[in-house]
Amino acid sequence: MEHNQDSILLTSAEQSYLWTTYQTDTMAICVLNHFLQHIDDEEIKSLIVFALQLSEEHVNFIREIYTKETIQIPQGFTEADVNLKAERLFSDVFYLNYIKNMAKGGLLTYGRVLQNVYRKDVLSFFSTCLSESIELNNRAANLLLKKGLALRPPTIPYLEKLEFVHKQSFILEGLGRREALTGTEVTNLFANTQTNFLGAALATAFSQVCKTKKARNYFIRGKEISLKHIEVFRSYLKMNSLPVPATNEHLVTESKDSPFSDKLMMYHFSLMIYAGIGNYGVSIAESQRSDLVVDYSRLNAEILKYSEDGANIMIAEEWLEQPPLAANRRKI
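Residues numbered from 1 in each chain as written. Predicted model: local features only at pLDDT ≥ 70, side-chain atom pairs only at ≥ 80, totals over all residues. Heavy atoms only, no water.

1. Let's talk about the state of the cysteines
Enumeration over the complete set of coordinates arrives at 0 disulfides. C30 supplies the cysteine sulfur nearest to C129, a cysteine that is in no disulfide, at a spacing of 18 Å. For C129, a relative accessible area of 1% gives the class buried. With no disulfide of its own, C210 lies 17 Å from the sulfur of C30, the closest cysteine sulfur. The class for C210 is buried, based on a relative accessible area of 3%. (Disulfide = S-S within 2.5 Å. Buried < 20%, exposed > 50% of the residue type's maximum accessible area, 1.4 Å probe, protein only.)

Right under this line is the structure:
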């Protein structure tokens, strides 16, 4: 017997995912609206308009759910967090790479979310979000290819015959490490280099325009961490004579006119860190070389500490909105 959906309470997972999506999409609306104030390429502009439309639809749906369920609507990010009159901070090419990375985040997040959602309206919503992320990713990828800007992972030789691993040195560095990387290891090293270059570019831009000294120093430190991690990943790629992605820093203007509130920029950077922690975790699981696993684990520990420091800044400045919490039974 099917239950009446109206009588089914939202689970902890559904509440949390809706809350986080609201935060992320209200932030995206602010960022994308500023992008649209300074853009020359009509094809990239069309892509940003599409991404903005998706975020606005997500926010409207969540507001409807919260109103219906009599749940407090989060503050998220508003017009107060964006200055549409501020000067251009990024180039059109940066916008395109940003959208591609935004779509990647949606693919990873919504795929995980759907595993824990059951209520029909919420399940349908997040299923649509995943389909939209696929569409956004495909549009961005096709546009990058069309403009000759796509930084694709390197090619490796095709398999010509069946072979099986006979030595533990395939995995363990101390037993005469294999020099050749697997295709998956190459892909992760390349992707993690790309995302760190994007993070370094954002850190450069945010450190130029933010008003709070602690936040500025935090972004500068973030850039240093990103560049250090890039060097670790590049060393593996270079050792195998594989190409390395290019930096995005030249896509940042010299503007010191802040388009975004310091609160928004700190939250945005925390999302990048969150994604990085997840990427490194997957890379650890998919690496079959002990030295790679050690390096990813070491670098992940560093960004976990960095993330904690960022959260402390946001708490001190009262920028960190509290997410839905379970009942405190001890207090009750």
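2. Examining helix α2 (residues 42–69)
The end-to-end C-alpha distance of α2, which contains 28 residues, comes to 41 Å, matching closely the 40 Å that a straight helix rising 1.5 Å per residue would cover. One side-chain oxygen at the N-terminal end of α2 lies 2.9 Å from the backbone nitrogen of E43; it belongs to D41. Just beyond α2, the residue with positive phi is T70, at close to 55 degrees. (Helix = DSSP H or I, 4+ residues; strand = E, 2+ residues; numbered from the N terminus. Expected span 1.5 Å × (residues − 1). Polar contact = N/O pair within 3.5 Å; in protein donor to acceptor, adjacent residues only side chain to side chain.)

3. Considerations on the packing of helix α5 (residues 183–209) against helix α6 (residues 213–239)
The N-to-C vectors of α5 and α6 enclose an angle of 155 degrees; their axes lie 8 Å apart at closest approach. As judged from the angle between their axes, α5 and α6 are roughly antiparallel. The hand of the α5/α6 crossing is left-handed. Its residues assigned to classes, the contact of α5 with α6 shows 14 nonpolar, 8 polar and 3 charged. (Axes fitted to C-alpha atoms, helices over the stretch in contact; angles between N-to-C directions. Parallel < 35°, antiparallel > 145°, perpendicular 65-115°, else oblique. Left-handed = near helix turned anticlockwise from the far one by under 90°. Nonpolar A, V, L, I, M, F, W, Y, C, P; charged D, E, K, R; others polar.)

4. Some thoughts on the pattern of salt bridges
Considering all chains together, one arrives at 15 salt bridges under this definition. Residue R289 is joined to D291 by a salt bridge in which the shortest nitrogen-to-oxygen separation is 2.7 Å. Summarising the burial analysis for this pair, R289 and D291 share the class buried. Here the salt bridges share partners, and the residues they tie into one network are D41, E43, K146 and K147. (Salt bridge = Lys/Arg side-chain N within 4 Å of Asp/Glu carboxyl O.)

5. With respect to the side chain of E185
Secondary-structure assignment places E185 in helix α5. Assessed through its relative accessible area of 1%, E185 is described here as buried. A distance of 3.5 Å separates a polar side-chain atom of E185 from the backbone nitrogen of R289.

6. Digging into unusual backbone geometry
Glycine aside, residues mostly have negative phi angles, and peptide bonds mostly take the trans form. Positive phi values are uncommon outside glycine, yet S241 reaches one of about 55 degrees. Inspection of the secondary structure assignment puts S241 in the loop between α6 and α7 (262–286).

7. Concerning the nonpolar core
In this structure, F90 and F126 are the most contacted members of the largest nonpolar core, which totals 86 residues. When residues of this core are traced back to their parent elements, those giving at least two are α1 (12–35), α2, α3 (92–113), α4 (120–146), α5, α6, α7 and α8 (290–316). (Core = buried A, V, L, I, M, F, W, Y, C linked by side-chain atoms within 4.5 Å.)

8. With respect to the environment of F125
With respect to the helices and strands, F125 occurs in helix α4. Judged by its relative accessible area of 7%, F125 falls in the buried class. Distance from F125 to T70, taken between C-alpha atoms, is 19 Å for residues 55 residues apart in sequence.

9. Some remarks on the packing of α2 against α4
In contact at an axis separation of 11 Å, α2 and α4 are set at 170 degrees when each is read in the N-to-C sense. Judged on the interaxial angle alone, α4 and α2 are roughly antiparallel. Residues E43, I44, L47, F50, A51, L54, E57, H58, F61, I62 and I65 of α2 lie in contact with α4, whose contacting residues are D121, F125, C129, E132, E135, L136, R139, A140, L143 and K146. For the contact of α2 with α4, the per-class residue count stands at 13 nonpolar, 1 polar and 7 charged. (Contact = heavy atoms within 4.5 Å.)

10. What about α6?
In this model, α6 (27 residues) spans 40 Å end to end at C-alpha, consistent with the 39 Å of a helix rising 1.5 Å per residue. Listing the buried residues of α6 in full gives A215, Y218, F219, G222, I225, S226, H229, I230, V232, F233, Y236 and L237. Looking at the buried positions of α6, the neighbouring elements they touch are α5, α7 and α8. Immediately beyond the C-terminal end of α6, within one or two residues, lies S241, with a positive phi of roughly 55 degrees.

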